[in-house]
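Secondary and tertiary structure notes
Letter by letter, the chains look like this.
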Amino acid sequence: IWAEQLLGPLDRTARWLRAHAMSRVALSGSYRLSTALAVGWSLRSAHGFELEIQTRAGSWSTDDRPTTGEPSPPWRIHQPSRLEGDALIVTVGVLRDPSADLEASAGIAAEAVLGLHIPEAIASGRAAQASVSLVKRTVDTAVARLGARQIRLYLAGPAAFAVALGHRWNAMPPTQLHEYVTSERQYEPTALL
């Protein structure tokens, strides 16, 4: 369903935009995290797109990158010592740390989780781009170190950050997105990027 009703139309939209030489896209609205990641991934930087992501505090531009020497956002990183099968389990949390619930809700041990968590809000497009860069670099390194053939991604945070992360999710192994279903108190797989 996700491939047919979301990823397919997004791919057709991206191809249409490229065919019409439109590389800058403004996004607004409210979406589920998997949808936000899929939108960013479909309009990713590797395909020549730059995004303007509307937030309550203003617009985040994906080309508003931090300058050299700017302090890094205070992400807390927990490195895994093993894979779960052939998959790298990745949790990314803004304000809330999804790795805290993962063992109880998905049966995944802490030593198999690459956990990235920032305990504060991301306040600007520049901070979002710095955070996305750090997350992407950390995941790339773990994939290479452990030889992961796929990624299972669990995200907690604002949809605008999910769009920005998807936008930079280039050259990654197949990535299965998951969303937390509050009524069932567990994660469910959604889109496969």
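Numbering of residues starts from 1 in each chain and follows the order in which that chain's sequence is written. For this predicted model, a pLDDT threshold of at least 70 governs which residues receive local features, and a threshold of 80 or more governs which side-chain atom pairs are given and counted, while totals over whole chains, interfaces and linings are taken from all residues. Heavy atoms from the whole structure form the basis of all side-chain values; hydrogens and water molecules are not counted.

Strand pairing requires that DSSP identify at least two bridges connecting the strands. In this text, helices come from DSSP runs of H or I with a minimum length of four residues, and strands from runs of E with a minimum of two, each type numbered from the N-terminal end. As judged from the 4 bridges shared by strand β2 (residues 50–55) and strand β3 (residues 58–61), these two strands associate in the antiparallel manner. For Gln 54, the partnering residue across the bridge sits in β3 and is Ser 59. Where β2 folds back onto β3 in an antiparallel hairpin, the turn is made up of 2 residues.

Bringing the sheet that holds strand β1 (residues 24–27) into the picture now. If you trace the 3 strands from one edge of the open sheet to the other, you get β1-β2-β3, paired in mixed fashion. Each of the sheet's edge strands pairs with one partner strand only, and the pair in question is β1 and β3. Taking the axes of each pair of neighbouring strands and ignoring which way they run, one obtains an average angle of 20° across the sheet. Every angle, taken between N-to-C directions, lies between 0 and 180 degrees, and every axis is a line fitted to C-alpha atoms, over only the stretch in contact when it is a helix.

With that out of the way, let us pick up unusual backbone geometry. Even without glycine at this site, Ala 21 takes up a positive phi of about 55°. Mapped onto the fold, Ala 21 is located in the loop between α1 (2–19) and β1. You will see that Leu 95, though not glycine, has its phi angle at about 75°, which is positive. Inspection of the secondary structure assignment puts Leu 95 in the loop between β5 (87–94) and α3 (99–106).

With that settled, consider the environment of Ser 105. Here Ser 105 shows up in helix α3. A relative accessible area of 14% means that Ser 105 is categorised as buried. Residue contacts are defined here by distance: any two heavy atoms, one from each residue, within 4.5 Å place the two residues in contact. Look past the residues within four positions of Ser 105 in its chain and what remains in contact with it is Tyr 180, Arg 185, Gln 186 and Tyr 187. When a residue's accessible area, from a 1.4 Å probe over protein chains only, is under 20% of the maximum for its type it is buried; when over 50% it is exposed; and in between it is partly exposed.

Looking now at the packing of aromatic side chains. Here the aromatic set is Phe, Tyr and Trp, taking the six-membered ring for Trp, and pairing holds for ring centres within 6.5 Å; pairs whose planes are under 30 degrees apart are stacked, those over 60 apart are edge-to-face, and all others are tilted. Under the criterion given, the structure shown has 3 aromatic pairs. Between Tyr 154 and Tyr 187, the ring centres sit 4.9 Å apart and the planes meet at 85°, which makes this aromatic pair edge-to-face. Residue Tyr 154 is located in strand β7 (residues 150–156), and its partner Tyr 187 is located in strand β9 (residues 186–192); the two are separated by 33 residues in the primary sequence. Each residue in the set Tyr 154, Tyr 180 and Tyr 187 is aromatic and connected to the rest through ring pairs, giving one cluster.

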